[in-house]
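The lines below spell out each chain.
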Amino acid sequence: MHFKQKAIRITAIVHRDLTDLVVSALKRNNIHYFHMEPGRYPVLAKRGWLLFDFYQNHSIIDTPVTIFEVSCEASTENFLLSLFRDAAELNIPGHGSVYSETIEFHSPLPADYIVTTEEKTKTIGFSGLTGIFCILPRGSAEPIARLILQNGVAVPTISYGTGTGLRDQLGLLRITIPKEKEILKLVVHSSDAEHAMDFIIEVGRLDLPGRGFIFEFPIGRGLLNTKVSLEGPKQAASMDQIISALDQLYGNMEWRKKSNQFRQSARHRNYFEGVNVVINCKEESIESTLANLRKVGVSSSTISLNKLVHSQNEKNAFTPAREVANILIPKKNLSEVLSLLEETGFFGEETEGIVYTIEIPRAFSYQSKLGKRK
């Protein structure tokens, strides 16, 4: 029988220089388990000039970041959002972002893995946001990030992964498709999500085989980084500070909607619904797990590495070095995938498997004509 428990996942992306401050704050507040992964914020070296910004090819500067993930009960969401905001001073442009999502665990967990607290904290962050997750071949994320920054859509985050499965089935075409992948994530106003996805599909050529996949996911609340360039202010306040102040003044990000500024695509996209299955296990265990999942039709996935930190080493139930795979499947196949993981011992001591899912309302990837007929 499957374990099932809803939770909130808090994701915080902070400048690497602030990592130690955040780790200290988490340990000080008895947050026993939290995941860490390196990544980068691309920012423009210089802002463009008014309406000519779109046509200028600005250089990109990489800002190293640390990506934190903590799972908590719904009543603890505001406490953790506040903890990250205060520890990294996220009200300052360039320090980072924090946001929450609803997830569902399907694996047994130690009692302190999902954080809970009785401390009451007032609601913080903005609602009406949508996250976008995209897998691309290595080297493809930066041109997309540059256009996203130049249009002021969002400040994306890029991390790294390794593709498996579909690439191996493409014959000679696999030579042109690198195994190394980039994971591009951004958070936008919900009314802009479809247009932003269409924009990324077009620029990233995701309608071609082996180019990756993209989906959107619901965000609970969030505080977002507004720093899109390294250019210093010519006035008393920078544009990034003004945008941040307007967010606070309006109490939402509604005024930042970009929909009417995007070009509407004339193409009809074959979006589909699904479930993002995230499997997390001890390092060097993921390959055999994914090989087993191919028996139930899971054809492709992207593997990345992260570290599971425990603030009390004597109570650590998991090995710190972890492998993570993101798998996008139809919802009807979820029970079959979970049953197979259970049958093959994924949740046992040898693998230390953790599984959670996120419902995906809109996703896109290349679909062959044969697949569409099915």
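Use the structure listed above.
Before going into details, it helps to say that this report is about the structure given with it. (Residues numbered from 1 in each chain as written. Predicted model: local features only at pLDDT ≥ 70, side-chain atom pairs only at ≥ 80, totals over all residues. Heavy atoms only, no water.)

Attention now moves to unusual backbone geometry. Of note, glutamate 284 is a non-glycine position whose phi angle comes to about 70 degrees, a positive value. Residue placement: glutamate 284 occurs in the loop between β10 (272-282) and α6 (286-293). (Helix = DSSP H or I, 4+ residues; strand = E, 2+ residues; numbered from the N terminus.)

Here serine 82 is to be found in helix α2 (residues 77-88). Placed 39 residues apart in sequence, serine 82 and threonine 121 show a C-alpha to C-alpha distance of 7.7 Å.

This next bit is on the packing of helix α1 (residues 19-28) against α2. Across the interface, α1 lies against α2 with an axial gap of 9 Å and an inter-helix angle of 140 degrees. Here α2 runs oblique to α1, going by the angle between their axes. Every pair of crossing elements has a handedness; the one defined by α1 and α2 is right-handed. Of the residues in α2, those in contact with Leu21, Val22, Ala25 and Leu26 of α1 are Leu83, Phe84, Ala87 and Ala88. (Axes fitted to C-alpha atoms, helices over the stretch in contact; angles between N-to-C directions. Parallel < 35°, antiparallel > 145°, perpendicular 65-115°, else oblique. Left-handed = near helix turned anticlockwise from the far one by under 90°. Contact = heavy atoms within 4.5 Å.)

In this section: the pattern of salt bridges. With the rule as written, the count across this model stands at 13 salt bridges. In this structure, aspartate 86 engages arginine 85 in a salt bridge whose closest nitrogen and oxygen atoms are separated by 3.0 Å. The partly exposed category is assigned to arginine 85, whose relative accessible area is 28%. Put simply, glutamate 202 and arginine 269 hold a salt bridge, and the shortest N to O gap is 3.7 Å. Residue glutamate 202 is located in helix α4 (residues 193-204), and its partner arginine 269 is located in the loop between α5 (239-250) and β10; the two are separated by 67 residues in the primary sequence. Residue classification places glutamate 202 among the partly exposed residues on the basis of a relative accessible area of 34%. (Salt bridge = Lys/Arg side-chain N within 4 Å of Asp/Glu carboxyl O. Buried < 20%, exposed > 50% of the residue type's maximum accessible area, 1.4 Å probe, protein only.)

According to the stated counting rule, one finds 13 aromatic pairs in the structure shown. Taking the centre distance of 4.9 Å and the plane angle of 10 degrees together, the rings of phenylalanine 133 and phenylalanine 215 count as stacked. One end of the pair, phenylalanine 133, is in strand β5 (residues 129-137); the other, phenylalanine 215, is in strand β8 (residues 213-218), and 82 residues separate them in sequence. Exposure remark for phenylalanine 133: the relative accessible area of 5% places this residue in the buried category. An aromatic cluster is built from Tyr33, Phe105, Tyr113, Phe318 and Tyr356, whose rings are joined through pairwise contacts. The ring of phenylalanine 364 has arginine 269 sitting right over it, with the charged end atom 5.9 Å from the ring centre. The aromatic ring of tyrosine 271 is capped on one face by arginine 362, whose charged end is 5.6 Å from the ring centroid. (Phe/Tyr/Trp six-rings, centres within 6.5 Å; stacked < 30°, edge-to-face > 60°. Lys NZ or Arg CZ within 6 Å of the ring centre and 35° of its normal.)

Honestly, it's all geometry; don't read function into it.
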